[in-house]
Amino acid sequence: MGIDSQRFQKCWNSAAFLLTILASSNVQAVSDLDQRLKRVVQSSPIAIDDVTWCILDSKGAPLSQHNANQPMKPASTMKLLTTAAAFEHLPALYQTKIWASHTDEGAILRWVGVGDPMMGDPGPLDNSRIPSTLLSQLATEIRREGITEVLRLEYDEGYFQGPRYHPNWPEEQFSKSYRCESAALNFAGNLVRLELHPKSTKPDLEFFPSEATQIISVREQFRDIKKTTNKDAVGFDRYPGRNEFRAFGVCRNHHVLESPVHDPARWSTELLATTLAMEGISVLQVGAVRADDGPPKGKPIDSATINTPLFRVIKHCNTESRNLYAECLLKSLDRHLGGDGTWTVSGEDRKSAGERLLQCLSTLFPESTAPGDFIDDGSGLSHKNRLTARTLAHILTNAANRDWHQEWLETLAKGRVSGTLANRFKSKSFDHCLVRGKSGYIKGASTLAGRIDQKDGQHLTFAIMVKDFKSNADAKRLHESILAEAVRAMPRGSQATDHESLQAQSEGRFVSNRGRTVANSRQRLPM
């Protein structure tokens, strides 16, 4: 062997030795982090067997895993999967149109639903008057078409089929504001909002949208506060199968309450009919499109088309955890992927919406899903849903290869800043991090999944799932304690920065995408 060959062999041996040391160090670091995280759990009130997690580094390699392949109830972290598939498959814009045709007796209007869950919703801007404003604008545009008498105002909800209330949700919770019925035609979040203004004996009631008072009935069952010493306690709910409500209790303070409506498509159309009548446009009949009516006749009233960007729907779905939005997205995906727009089995392949979504994700992100994964709804409300922490973490990581990834990240709640994470991650451990994620809670399940970024480009993705806890506050503290320890294990670059700077940097990176989304979705009517 020559001198050069000997030198080469020595260099090669040295390089191999260094690589072995580095690999060994990495394995040791992962092992050390596993042990530290287990000690974190053991110091909490929650049993180690009731916790699973999967934490991946910037390259998608495991930093720490514990029971990561154990299927658990995902709660609202299910929305991450629903919205990822929605960005991949659904059009960038919802367009809800009113078609007009004319007869000798008067006009026939048809409002065609396309599954937009955000139309007229006061929630995103926290403005109770948005629904009435939008209804008035629609009436104005209809009048501008020269229509003064409507022979029949129809609603077409055929884009979605099957039940409006998920068959595996508890029947007795139909009146909870977070379990709205979902339809192809929705309005005002499918909720009646009630403001109670306390008076000397019983409260004054104010409803939103105000037009709702013409189409619903309300039983007032308030106690005279001068004749009771009971503390302030009020409620607002609906009777099953009809839009009859009950407002009750002892009202000593101002309250804002909400209750979901029955049959959202009819509710939406009756609100419009009421507004038209108030604007002097008579409506002789309101009804659903009949099976033999065929496609809409005439042409759409372009100025009455309501355009809603998909990005805005997904943003509020994830940031504010809007269940109605997630279920409408899932039904739209089901329609797009070959189903009938329903949770239940449909289509030539006889699959449910959940089965189609899981198949879609398995195709998008090969080797990311697990055999125990099961999807029953889009929001995570169903107790039949099952996902593994590994599935959530790997989809969060592998989504970086999709062109919508930055937009998707922007829809997540931000620690200390927005949505369901606004009051979380306040410890000093997260001062130099940007935390974006989706939290979830249903009875017996508390979950959190997302991404933590440092300015130097290092990041980690994570999913943490907890079950059988006594207090959700304990579970949430455990989420953050686990992540604080993981952040300490992240490599630190030389350019540390504060949380506010990272937040601004994140928003700056997204300006071009957000501008493109808005530019492609100009609308003549506001939401």
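Worth saying up front: this structure is predicted, and the values here are computed from it rather than measured.

(A) A look at the overall build of the protein. Broken down by element type, the protein carries 11 helices and 19 strands. A buried classification covers 52% of the 527 residues belonging to the protein. For the protein, contacts bridging at least 24 residues in sequence account for 69% of all contacts bridging at least 6. Accessible surface, the protein as shown: approximately 23400 Å² in total, 48% of it carbon and sulfur.

(B) Layout of the sheet that holds strand 19 (residues 459–467). The strand order across the open sheet built from six strands is 2-1-19-18-17-16, with neighbouring strands paired in antiparallel fashion. Whereas interior strands pair on both sides, the edge strands pair on one side only; in this sheet they are strand 2 (62–66) and strand 16 (413–414). Relative to strand 2, strand 1 (residues 51–56) is paired through four bridges, and the arrangement is antiparallel. Within strand 2, the position partnered with Leu 56 by the bridge is Pro 62.

(C) Main features of the pattern of salt bridges. Across all of its chains, the model carries 27 salt bridges by this definition. Of the charged contacts, one joins Glu 181 and Arg 238 as a salt bridge, the two residues approaching to 3.8 Å between their closest N and O atoms. Within this pair, whereas Glu 181 is found in the loop between strand 5 (149–156) and strand 6 (191–197), its partner Arg 238 is found in strand 9 (residues 233–238), the two being separated by 57 residues in sequence. Just as Glu 181 is buried, Arg 238 falls in that class too.

(D) View of the nonpolar core. In terms of nonpolar packing, the biggest core is built from 53 residues, with Leu 80, Leu 81, Leu 329, Leu 392 and Trp 408 touching the most fellow members. Only strand 1, helix 2 (78–89), helix 5 (310–319), helix 6 (323–336), helix 7 (353–364), helix 8 (389–398), helix 9 (405–410) and strand 19 provide two or more residues apiece to this core. The residues touching Leu 80, leaving out its near neighbours within four places in the chain, are Asn 318, Leu 392, Leu 396, Trp 408, Leu 412, Lys 438 and Ala 449. Grouped together as the second largest cluster of nonpolar side chains are 41 residues, Trp 111, Leu 185, Phe 222 and Phe 236 included.

(E) Inspection of the sheet that holds strand 11 (residues 255–260) at higher detail. Here we have three strands laid out as an open sheet, ordered 7-6-11, and antiparallel in their pairing. If you trace the sheet from one side to the other, it starts and ends with strand 7 (204–208) and strand 11, each paired once. If you compare each strand with its neighbour and ignore which way they point, the axes differ by 25° on average. Pairing analysis gives six bridges linking strand 6 to strand 11, with the strands arranged antiparallel. Within strand 11, the position partnered with Leu 194 by the bridge is Leu 257.

(F) Layout of the packing of aromatic side chains. Inspection of the entire model under this criterion finds 10 aromatic pairs. Between Trp 111 and Phe 187 the ring centres are 6.4 Å apart and the planes differ by 55°, which places this aromatic pair in the tilted class. One end of the pair, Trp 111, is in strand 4 (residues 107–112); the other, Phe 187, is in the loop between strand 5 and strand 6, with 76 residues separating them in the sequence. For the pair Trp 111 and Phe 187, one class covers both residues: buried. Between Phe 425 and Phe 430, the aromatic rings sit 5.0 Å apart at their centres with planes inclined by 90°, giving edge-to-face as the arrangement. Like Phe 425, the residue Phe 430 is buried in the burial classification. Among the aromatic side chains, those forming a connected cluster through ring pairs are Phe 87, Trp 404 and Trp 408. Positioned above the aromatic ring of Tyr 159, the side-chain terminus of Arg 335 is 5.2 Å from the ring centre.

Criteria and cut-off values
Think of each chain on its own: its residues are numbered from 1, step by step along the sequence as written. Thresholds applied to this predicted model are a pLDDT of at least 70 for local features of residues and 80 or more for the giving and counting of side-chain atom pairs; totals over whole chains, interfaces and linings are not thresholded and use all residues. For the side-chain quantities, the full set of heavy atoms in the structure was used; hydrogens and water were omitted. Numbering of helices and strands runs from the N terminus; a helix is a DSSP stretch of H or I covering at least four residues, while a strand is a stretch of E covering at least two. When a residue's accessible area, from a 1.4 Å probe over protein chains only, is under 20% of the maximum for its type it is buried; when over 50% it is exposed; and in between it is partly exposed. It only takes one pair of heavy atoms within 4.5 Å for two residues to be counted as in contact. Every accessible area reported is derived by Shrake-Rupley at a probe size of 1.4 Å, with residue values counting cover from the shown protein chains alone. At least two bridges found by DSSP between two strands are what make those strands a pair. The salt bridge criterion pairs a side-chain nitrogen of Lys or Arg with a carboxyl oxygen of Asp or Glu, the two atoms within 4 Å. The set of buried Ala, Val, Leu, Ile, Met, Phe, Trp, Tyr and Cys residues whose side-chain atoms join them within 4.5 Å is what this entry labels a nonpolar core. Angles shown run from 0 to 180 degrees and are taken between the N-to-C directions of axes, each axis being a line fitted to C-alpha atoms and, for helices, limited to the stretch in contact. Any pair of Phe, Tyr and Trp rings, taking the six-membered ring for Trp, is counted once the centres come within 6.5 Å. Such a pair is stacked with planes under 30 degrees apart, edge-to-face with planes over 60 apart, and tilted for the rest. As a reminder, the over-ring test applies to NZ of lysine and CZ of arginine, requiring each to be within 6 Å of the ring centre and within 35 degrees of the ring normal.

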